[in-house]
Amino acid sequence: YKNVIVIINSCNVMELSFLKTIPNLNACVLVGPTGNEGIYALPYLLYGDMSPSGKTVDTFAYDFFTNPGNVFVGGLSYTDFGRSYTDYVEGVYVGYKWYETANVEGMWNDVNNEFGKGYDCVVQFPFGYGKSYSTFEWTVGEMSIKPESNITDQDEITIPVTVKNTGNYPARDVVEAYVTAPYTKGGIEKASVNLVGFTKTNLLQPNQEETVELKIDVNDFTSYDCYDKNNNGFTGYELESGDYQIKLMTDSHNMKKLDKNAFVVKVKDTINLTKDKYT
């Protein structure tokens, strides 16, 4: 067949490298668990009457064993009980937090295969990824807290984003915000990016625009320091001092092309948060 659309009807992440290795696979639609009713929406998407607007909620890697969480699944046994167990070694590096942080650390700089080089030959579809039949332009308004300002765990940051449908089809778009926290080598473990906010537009006709608001709770910037890695005599959630980069992105790996797509806010002094606040 010259044109084939692959439909993934699964609740689980799958290895989808075959999309690139089998000829004439032109498109792929991830429909998840549709149930008896959800499947009725699929023809509208395939015929272009509606545009897809969903985003992946996990990372789709070419090879599952690029994730340490899979390397240590099963295969280990207690010698005295004869039962198998799984060793959870990921720590905070679960899902996209592992792949994005490992990439920043240069883990795949020298990797080269049939799918590309570096990150691109390891990750096929990042967390938060999804295509549309249309295209969108973002214009960022004034943040409720000005860039370079000092913040505390009590703050909420609001970012207005005007989304314009610049394509030819009615569609919806998702605006995602991630934060990169200050990191000290040997200090509190932190991922290179963390999702801290997202919002979705209504259905936009071609040339129509809508202003949506990203509401970001600064509490989501905190890190859990169970071993007192920063040697301040406290174990628990901390909002560590330093610069926090808020990034507007289309997924966990790609920033939206904007005049200004990253904003810095500051924490002057480390804030220790009581443990019961999160229990």
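Everything quoted here is computed from the prediction, not taken from an experiment.

Analysis parameters
- Going along each chain's sequence as written, the residues are numbered from 1 onward.
- The model is predicted, so local features are restricted to residues of pLDDT at least 70 and side-chain atom pairs to those at 80 or more, both for listing and for counting; the totals for chains, interfaces and linings are taken over all residues.
- Excluded from the side-chain calculation are hydrogens and water; included are all heavy atoms of the structure.
- Here a salt bridge means any side-chain nitrogen of Lys or Arg lying within 4 Å of a carboxyl oxygen belonging to Asp or Glu.
- Only protein chains enter the area calculation, which uses a 1.4 Å probe; residues under 20% of their type maximum are buried, those over 50% are exposed, and those in between are partly exposed.
- Each helix is a run of H or I in the DSSP string that is no shorter than four residues. Each strand is a run of E no shorter than two, and both are numbered from the N terminus.
- Think of a nonpolar core as a cluster: buried Ala, Val, Leu, Ile, Met, Phe, Trp, Tyr and Cys residues, connected wherever their side-chain atoms sit within 4.5 Å.
- Here, residues are in contact when the closest pair of their heavy atoms is within 4.5 Å.
- A pair of strands is labelled paired if DSSP reports no fewer than 2 bridges between them.
- Here the axes come from fitting lines to C-alpha atoms, over the contacting stretch only for helices, and the angles between their N-to-C directions go from 0 to 180 degrees.
- One confidence number per residue, pLDDT, is output by the predictor and ranges from 0 to 100.

Draft legend 1. Main features of the pattern of salt bridges. With the rule as written, the count across this model stands at five salt bridges. Here Lys146 and Glu142 are joined by a salt bridge, their closest N and O atoms 2.9 Å apart. The pair Lys146 / Glu142 is uniform in exposure class, with both members exposed. Salt-bridge contacts for Asp243 lead to Lys266; the nearest nitrogen and oxygen are separated by 2.9 Å. In this pair, Asp243 sits in strand S16 (residues 242–249) while Lys266 sits in strand S17 (residues 262–267), placing the two residues 23 residues apart along the sequence. Residue classification places Asp243 among the partly exposed positions, given a relative accessible area of 39%. The structure contains a network of salt bridges with shared partners spanning Glu148, Asp243 and Lys266.

Draft legend 2. Spotlight on the nonpolar core. Counting residues in each nonpolar core, the largest one holds 29 residues, and the members touching the most others are Ile157, Val161 and Phe221. When residues of this core are traced back to their parent elements, those giving at least two are strand S9 (136–140), strand S10 (156–165), strand S11 (174–180), strand S13 (209–217), S16 and S17. With residues up to four places along the chain from it excluded, the contact list for Ile157 reads Met143, Ser144, Ile145, Leu214, Lys215, Ile216, Val218, Phe221, Ile246 and Val265. Counting residues in each nonpolar core, the second largest holds twelve residues, with Tyr93, Trp98, Ala102 and Phe115 among its members.

Draft legend 3. Focus on the sheet that holds S16. Across the sheet, four strands lie side by side as S12-S11-S16-S17; this open sheet has antiparallel pairing. Lying at the two open borders of the sheet, with one neighbouring strand each, are strand S12 (194–200) and S17. Neighbouring strand axes in the sheet, compared pairwise and without regard to direction, differ in orientation by 20° on average. Sheet topology places S16 next to S17; six bridges connect them, and they run antiparallel. Directly across from Gln245, in S17, lies its bridge partner Val264.

Draft legend 4. The arrangement of the confidence of the model for the protein in detail. Looking at the protein as a whole, the pLDDT averages 92, with 97% of positions reaching at least 70. Across the protein, the secondary-structure element scoring lowest on mean pLDDT is strand S4 (residues 76–77), at 72, and the one scoring highest is S11, at 98.

Draft legend 5. Geometry of the sheet that holds S9. Read across the open sheet, the three strands follow the order S9-S10-S13; overall the sheet is antiparallel. Both edges of this open sheet fall to S9 and S13, since each of them pairs with a single strand only. Averaged over all adjacent pairs, the angle separating strand axes in this sheet is 30°, with direction ignored. Examined bridge by bridge, S10 and S13 share nine bridges and lie antiparallel to one another. Paired with Glu156 across the two strands is Asp217, which belongs to S13.

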